[in-house]
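Coordinates in review
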Amino acid sequence: MIAQAGVLKQKLLEKITELPEARLQEVLDFVDFLKSSKPRVEDPILHVSGCLSGRPLSAREIEEELYGKEPA
């Protein structure tokens, strides 16, 4: 992973050096924005945690929830 980070940094440097000077401030502003924002590391369990609250549903209740009740 560290070696890959080195490769990515090298690619960034190559691309940045090709930019006109007027665009470098935009790059700097964007890097500052990235550094100040919270990292997007989420625990995968958080995506399903809302599904786990409440009482368990039966197969029939799940079907009704998804497709509605069948007409009598």
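Cut-off values and rules
- Residues numbered from 1 in each chain as written.
- Predicted model: local features only at pLDDT ≥ 70, side-chain atom pairs only at ≥ 80, totals over all residues.
- Heavy atoms only, no water.
- Helix = DSSP H or I, 4+ residues; strand = E, 2+ residues; numbered from the N terminus.
- Buried < 20%, exposed > 50% of the residue type's maximum accessible area, 1.4 Å probe, protein only.
- Areas by Shrake-Rupley, 256 points an atom, 1.4 Å probe, with all protein chains shown as cover.
- Patch = residues over 30% accessible without salt bridge, like charges linked within 9 Å, V, L, I, M, F, W, Y side chains within 5 Å.
- Salt bridge = Lys/Arg side-chain N within 4 Å of Asp/Glu carboxyl O.
- pLDDT = per-residue confidence, 0-100.
- 1 Å grid on protein atoms, 1.4 Å probe; cavity = no way out; pocket = protein on both sides within 12 Å on 5 of 7 lines; lining within 4 Å.
- Points joined across faces, edges and corners; volume = space filled by probe spheres on them.
- Nonpolar A, V, L, I, M, F, W, Y, C, P; charged D, E, K, R; others polar.

Quick look at the overall build of the protein chain
Summing up its helical and strand segments, the protein chain has three helices and zero strands in all. Secondary structure elements of the protein chain, listed N to C terminal, follow the sequence α-α-α. The burial tally for the protein chain puts 0% of its 72 residues in the buried class. Within the structure as shown, the protein chain displays about 7,500 Å² of accessible surface, and the carbon and sulfur contribution to it stands at 61%.

A short note on a nonpolar patch on the surface
On the surface, a nonpolar cluster with roughly 450 Å² of combined accessible area is contributed by L57, I62, L66 and Y67. With respect to the helices, strands and loops of the structure, I62 is situated in helix α3 (residues 59-67). Take I62: its relative accessible area is 38%, and that puts it in the partly exposed class.

With respect to α3
Counting buried positions along α3 yields zero of nine residues, so the element is predominantly exposed. Looking one or two residues beyond α3, the residue adopting positive phi is G68, at roughly 85 degrees.

Some words on the pattern of salt bridges
Tallied over the entire structure, the rule returns one salt bridge. For E26, the salt bridge is made with R23, and the minimal N-O distance between the two is 3.1 Å. You can see E26 and its partner R23 sitting in helix α2 (residues 21-36), three residues apart, about one turn around the helix. Classification of R23 as partly exposed rests on a relative accessible area of 44%.

Structural notes on the confidence of the model for the protein chain
On average, residues of the protein chain score 81 in pLDDT, and 74% of them are at 70 or above. The least confident element of the protein chain, judged by mean pLDDT, is α3 at 86; the most confident is α2 at 91.

Brief notes about the layout of surface pockets
Here the largest pocket defines a volume of roughly 160 Å³. K9, L12, L13, I16, V27, F30 and V31 are the residues that line the largest pocket. Put simply, the parts of the chain that give the lining of the largest pocket at least two residues each are α1 (2-18) and α2. Taken together, the residues of the lining of the largest pocket break down into six nonpolar, no polar and one charged.

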